[in-house]
Amino acid sequence: MKYIYSVLLVLCIVAFSEGCKDNVSASDDSIQDIFPLKVGDRWTYHIEEWLNTNFKVTDTIGDIVVQEQAVFKGHQGYLYSLGDTNNENIVYYSGSDLFIVNESNSSTIVLRYPMTTNQKLVLTDTTYPDGSRLTKELVYRQDNEPITVPAGQISCVHYDRLVINYMQNIADTSLVRKLYFTKGIDFVLEEEFEKHQGKPFMIFRESLLSYSLK
């Protein structure tokens, strides 16, 4: 199972508040308010993946289930499972950030809230011996963007996760992951685009089919 699937499935347990004033996300909510988790919550998604821009290699259904509360290094968190497998992970809060615990028992930031419209969070920034550079960034786009998925038409909050390559100080965005959330429903849609021959092509889509919340 590809890395982005396992990371972004964590986001299925995320719920965002509605509304946007003066290009600022709703500021009355903490990350715990907009990411409410309950043991027994379940989300079902249609998952599609393409190879070489036009050959579909995955077309399946997957579930997220919140199993139980958990604690990681003193942080409040939750244990979740992916489908019917034994793949279990911990997601936890720290301040305004949401983290996932990875296989090496360290943690990686997934999202931050609140953020202002088009605010950027640099997740990694690596410079290589040849002088090239690669960054991974999270960008908050907007509130109230209408999205249609199998579960219905939903007004969403939109984030982008970007992979940007720099060569001779020229930036080239090679990968874009568009993420959509809504209050009371949680993670709604991910669309991932990879650049081929100078043009972006969709290589991954995960869309909400149904959900059951406790």
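Look up: the structure comes first, before these words.
All of the points below concern the structure found in this document. It should be emphasised that the depicted structure is a prediction, and the values quoted were computed from it without experimental measurement. (Residues numbered from 1 in each chain as written. Predicted model: local features only at pLDDT ≥ 70, side-chain atom pairs only at ≥ 80, totals over all residues. Heavy atoms only, no water.)

1. Quick notes on unusual backbone geometry
Phase 1: Backbone torsion omega between Y113 and P114 reads 0°, so that peptide bond is classified as cis.
Phase 2: Tracing the backbone shows P114 in the loop between β8 (107-112) and β9 (120-127).
Phase 3: Of note, K73 is a non-glycine position whose phi angle comes to about 50°, a positive value.
Phase 4: Relative to the assigned elements, K73 resides in the loop between β4 (55-72) and β5 (75-82).
Phase 5: Under the relative-accessibility criterion, K73 is labelled exposed at 66%.
Phase 6: Within the chain, N144 stands out as a residue other than glycine whose phi angle is a positive 55°.
Phase 7: Within the secondary structure, N144 is located in strand β10 (residues 133-149).
Phase 8: Residue classification places N144 among the partly exposed positions, given a relative accessible area of 39%. (Helix = DSSP H or I, 4+ residues; strand = E, 2+ residues; numbered from the N terminus. Buried < 20%, exposed > 50% of the residue type's maximum accessible area, 1.4 Å probe, protein only.)

2. A short note on the environment of T117
Phase 1: When you line up the elements, T117 lands in the loop between β8 and β9.
Phase 2: For the pair T117 and R141, spaced 24 residues apart in sequence, the C-alpha to C-alpha distance is 5.3 Å.

3. Focus on the pattern of salt bridges
Phase 1: Across all of its chains, the model carries 12 salt bridges by this definition.
Phase 2: Of the charged contacts in the structure, one is a salt bridge between R112 and D97, with a shortest N-O distance of 2.6 Å. Of this pair, R112 sits in strand β8 while D97 sits in strand β7 (residues 97-101), placing them 15 residues apart in sequence.
Phase 3: Under the relative-accessibility criterion, D97 is labelled buried at 10%.
Phase 4: Among the ionic pairs, D172 bridges to K195, the shortest N-O distance being 2.6 Å. In this pair, D172 is assigned in strand β12 (residues 170-182) and K195 in strand β13 (residues 186-196), connecting sequence segments 23 residues apart. (Salt bridge = Lys/Arg side-chain N within 4 Å of Asp/Glu carboxyl O.)

4. A closer look at the environment of V57
Phase 1: Within the element layout of this structure, V57 appears in strand β4.
Phase 2: Distance from V57 to F204, taken between C-alpha atoms, is 10.0 Å for residues 147 residues apart in sequence.
Phase 3: Beyond its immediate sequence surroundings of up to four residues, V57 is in contact with E49, W50 and L51. (Contact = heavy atoms within 4.5 Å.)

5. A few points about the pairing of β10
Phase 1: One ladder, built from seven bridges, connects β9 with β10; its direction is antiparallel. What sits directly across from T126, in β10, is L134.
Phase 2: Where β9 hands over to β10, the hairpin turn is made up of five residues, of which G131 adopts a positive phi near 95°.
Phase 3: In this structure, β10 lies alongside strand β11 (residues 152-167), joined through 14 bridges in antiparallel fashion. Bridge assignment links T148 to a residue of β11, and that residue is Q153. (Pairing = 2+ DSSP bridges.)

Scope: geometric values only; no functional claims are made or implied.
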